[in-house]
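Residue-level listing of the chains:
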Amino acid sequence: MKKILYSILFIVLIGLVWYLFIKSYDYTVRFETKTFPGAINQTLKLWDQTLDTVAKIRQDGSLYRLTQKVKFNDSIHTYHWKIKPITDSTSKVQVNIHDENHSLMNKVLVPFTDTDFEKRSRKTVLDFMENLQDHIGKFKVTIIGEAELPSKYVAYIPLKTTQFQKAGGMMKNYSYIGQTLLKNQVEFDGPPMVEITKWNRNKDSLAYNFCYPIIRSDRLPMDTDIEYKRIFGKKALKAMYNGNYITSDRAWYALLDYAKNNDIPVEAKPLEIFYDNPNTGGDEINWKAEIYLPIKETSND
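Residues numbered from 1 in each chain as written. Predicted model: local features only at pLDDT ≥ 70, side-chain atom pairs only at ≥ 80, totals over all residues. Heavy atoms only, no water.

Undergrad: Quick rundown of the confidence of the model for the chain? Include the residues and the values.
TA: With 87% of its residues at a pLDDT of 70 or more, the chain has an overall mean of 89. Between residues 16–22, whose pLDDT stays under 50, and residues either more than four places distant or in other chains, the model counts nine contacts. (pLDDT = per-residue confidence, 0-100. Contact = heavy atoms within 4.5 Å.)

Undergrad: Kindly report on the sheet that holds strand β5 (residues 91–99), identifying the contributing residues and their values.
TA: The antiparallel open sheet is built from five strands, whose spatial order is β1-β5-β4-β3-β2. Bordering the open sheet on either side are β1 (27–33) and β2 (58–62), each of which pairs with just one other strand. Averaged over all neighbouring strand pairs, the angle between strand axes comes to 20°, with direction disregarded. In the sheet, β2 pairs with strand β3 (residues 65–72) via three bridges, with the strands oriented antiparallel. Paired with Arg 58 across the two strands is Thr 67, which belongs to β3. Across the face of the sheet, helix α2 (residues 37–48) comes into contact with β1, β2, β3, β4 (75–85) and β5 while running at roughly 160° to β4. Of the strands in this sheet, β1, β3, β4 and β5 are in contact with helix α4 (residues 116–136), which crosses β1 at around 20°. (Pairing = 2+ DSSP bridges. Helix = DSSP H or I, 4+ residues; strand = E, 2+ residues; numbered from the N terminus. Axes fitted to C-alpha atoms, helices over the stretch in contact; angles between N-to-C directions.)

Undergrad: So what's going on with the side chain of Thr 124? Which residues, and what values?
TA: Among the secondary structure elements, Thr 124 is positioned in helix α4. A polar contact is formed between the side chain of Thr 124 and the backbone oxygen of Arg 120, at a distance of 2.8 Å. Excluding residues within four positions of it along the chain, Thr 124 makes contact with Trp 47, Phe 72 and Tyr 79. (Polar contact = N/O pair within 3.5 Å; in protein donor to acceptor, adjacent residues only side chain to side chain.)

Undergrad: Describe the packing of α2 against α4, listing the residues and the values that go with them.
TA: For the pair α2 and α4, the least separation of the axes is 10 Å and the interaxial angle reads 120°. In terms of their interaxial angle, α2 and α4 are classed as oblique. Considering the relative orientation of α2 and α4, their crossing is right-handed. Packed against α2, whose contacting residues are Ala 39, Ile 40, Thr 43, Leu 44 and Trp 47, the element α4 presents Thr 124, Asp 127, Phe 128, Asn 131, Leu 132 and His 135 at the interface. Its residues assigned to classes, the contact of α2 with α4 shows six nonpolar, four polar and one charged. (Parallel < 35°, antiparallel > 145°, perpendicular 65-115°, else oblique. Left-handed = near helix turned anticlockwise from the far one by under 90°. Nonpolar A, V, L, I, M, F, W, Y, C, P; charged D, E, K, R; others polar.)

Undergrad: I'd like a rundown of the pairing of strand β9 (residues 205–213), residues and numbers included.
TA: With respect to burial, β9 is a largely interior element, eight of its nine residues being buried. Of the pairings in the sheet, the one linking strand β7 (residues 152–162) to β9 comprises nine bridges and is antiparallel in character. Across the sheet, residue Ile 157 finds its bridge partner in β9, namely Phe 210. Direction of pairing for strand β8 (residues 193–200) relative to β9: antiparallel, over a ladder of seven bridges. (Buried < 20%, exposed > 50% of the residue type's maximum accessible area, 1.4 Å probe, protein only.)

Undergrad: Quick one: what's the story with the pattern of salt bridges, residue by residue and with numbers?
TA: For the structure shown, the criterion picks out ten salt bridges. Among the salt bridges present, the one from Arg 58 reaches Asp 60, with a minimum N-O distance of 2.8 Å. Overall, the relative accessible area of 46% leaves Arg 58 in the partly exposed class. As a salt-bridge pair, Glu 272 and Lys 166 come within 3.0 Å of each other at their nearest N and O atoms. Taken as a pair, Glu 272 in strand β12 (residues 271–274) and Lys 166 in helix α5 (residues 166–183) lie far apart in primary sequence, 106 residues in all. (Salt bridge = Lys/Arg side-chain N within 4 Å of Asp/Glu carboxyl O.)

Undergrad: Describe unusual backbone geometry, naming the residues involved and giving the relevant values.
TA: At Asn 73, a position not held by glycine, the phi torsion is positive, near 55°. You can see Asn 73 is positioned in the loop between β3 and β4. Phi is positive for Asp 204, close to 55°, though the residue is something other than glycine.

Undergrad: Describe in detail the sheet that holds β9, supporting the description with residues and values.
TA: If you walk across this open sheet you meet the eight strands as β6-β11-β13-β12-β8-β9-β7-β10, and the pairing is antiparallel. Only two strands of the sheet have a single partner each, and these edge strands are β6 (140–149) and β10 (227–231). Sheet twist, expressed as the mean angle between neighbouring strand axes with direction ignored, is 30°. In this fold helix α6 (residues 250–261) packs onto β6, β8, β9, β11 (234–242), β12 and β13 (288–294), with an angle of close to 65° to the strand it touches most, β6.

Here it is, written out as structure tokens:
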């Protein structure tokens, strides 16, 4: 009996030492949401900009894990976000929260009382949940599946920016390219396009070509910074996006998830075709874009 009692006490002691001094967080909040990890990731990064933080939110090598440090009076709270996809349209989120200044006290009190730390943690996560819910109500992504990326000859301007500023780069050059081509009587061959040439998913940075599909002719203006080339057709995964074009990249993440879940090798270089002009206004949920994610070519050898 003594051996059993000592064993139990030893296990309890080890558990207590782990809980008080080794466990890296003080409190956990969990919730489920009806959207995919990429939308959660990007909403978190935008929401982070509204908080009093020590540093910019950090993506820990994967869009499924992020760390942020938020200041509350005399404390710095570290939020470790873990995102786990459940289905194509639902995700589970776990937030492990650590008070860098009062961790030991929180661990002692949390099991016995509803502390201010717990209340603040729940309120902060709830604030994010409300932001996320508001965001996912403003766009829609519909996966179509495998399709053919259309071949087009385009006039374009190469740009570099962040994902969030992509639409700004488009709007800045929309009138310039269009009016220059019209002035030279160039015939258009479809709505504007964005061809992503480089996508850094850790830094949320892009290099892309803002394109106008045109009919190739000898009237193309050559004394400007507008360039010309052909985008060749190829097999791709396709999605329809409805919503503000600022957040059309949500469809990129949805397509990446679809490719992963169906073992389809793809190039992370989306191409977007925009069918509405934001300058004309209207309900954003009715704005339409086709999103393509090229499928990698496989050798027959």
